[in-house]
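A look at the structure
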Amino acid sequence: HPQTSTPDYQAIPVAPLKTIDKQPIDPTGAGNAYAGALTACIGAGVNVTTAATIASAVGAVMVEHEHIPPWNAEVQQRLKEAVSNVQYLHTELQS
């Protein structure tokens, strides 16, 4: 599973995509979305591991849509699901 690392070298998995073929629909902006989410979380005082987990989920949700995803209840629920997926995968990597 692809992953990124936090400054304390914890591996944070990439959120699995929820597309028909598990492939990105439009990767444009995924890196910016990841960086923005990571920066916003750290700026809000969230620890780096949690911030990287949320950022991974945001990047995944971004590539699941053509253009910018709508900020609606469905996308918000998908984001929560992606965070849960990353947390689960991170726990599996730790064991």
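Residues numbered from 1 in each chain as written. Predicted model: local features only at pLDDT ≥ 70, side-chain atom pairs only at ≥ 80, totals over all residues. Heavy atoms only, no water.

1. A closer look at the overall build of the protein chain
Counting its regular elements, the protein chain contains 3 helices and 2 strands. Going from N to C terminus, the protein chain has its helices and strands arranged as β-β-α-α-α. A compact globule built from 95 residues should have a C-alpha radius of gyration of about 12 Å, and the protein chain, at 13 Å, falls within 12% of that. The principal-axis extents of the C-alpha atoms in the protein chain amount to approximately 35 × 30 × 20 Å. Relative to its 95 residues, the protein chain shows a buried fraction of 36%. For the protein chain, contacts bridging at least 24 residues in sequence account for 62% of all contacts bridging at least 6. Summed over all atoms, the accessible surface of the protein chain reaches about 5,900 Å², with 59% contributed by carbon and sulfur. (Helix = DSSP H or I, 4+ residues; strand = E, 2+ residues; numbered from the N terminus. Rg over C-alpha atoms; globule rule 2.2 N^0.38 Å. Buried < 20%, exposed > 50% of the residue type's maximum accessible area, 1.4 Å probe, protein only. Contact = heavy atoms within 4.5 Å. Areas by Shrake-Rupley, 256 points an atom, 1.4 Å probe, with all protein chains shown as cover.)

2. Let's talk about helix 2 (residues 48-63)
Along its 16 residues, helix 2 runs 23 Å from first to last C-alpha, staying within 8% of the 22 Å computed at 1.5 Å per residue. Summarising burial for helix 2: 12 of the 16 residues are buried, a large majority. (Expected span 1.5 Å × (residues − 1).)

3. A few points about the pattern of salt bridges
Tallied over the entire structure, the rule returns 3 salt bridges. E81 serves as the salt-bridge partner of K18, at 3.2 Å between the closest nitrogen and oxygen. Here K18 is found in the loop between strand 2 (11-13) and helix 1 (30-43), whereas its partner E81 is found in helix 3 (residues 73-94), with 63 residues between them in sequence. Overall, E81 belongs to the partly exposed group, its relative accessible area being 29%. Here E64 and R78 are joined by a salt bridge, their closest N and O atoms 2.7 Å apart. Of this pair, E64 sits in the loop between helix 2 and helix 3 while R78 sits in helix 3; the two residues are 14 residues apart in sequence, bridging distant segments of the chain. We classify E64 as buried; its relative accessible area is 9%. (Salt bridge = Lys/Arg side-chain N within 4 Å of Asp/Glu carboxyl O.)

4. Some points on the confidence of the model for the protein chain
Of the residues in the protein chain, 91% have a pLDDT of 70 or more, and the chain-wide mean is 87. Within the protein chain, the element-level pLDDT minimum falls on strand 1 (residues 3-5), averaging 58, and the maximum on helix 1, averaging 95. (pLDDT = per-residue confidence, 0-100.)

5. Section: the nonpolar core
In this structure, A15, A57, V61 and A82 are the most contacted members of the largest nonpolar core, which totals 14 residues. When residues of this core are traced back to their parent elements, those giving at least two are helix 2 and helix 3. Beyond its immediate sequence surroundings of up to four residues, V61 is in contact with P69, V75, R78, L79 and A82. (Core = buried A, V, L, I, M, F, W, Y, C linked by side-chain atoms within 4.5 Å.)

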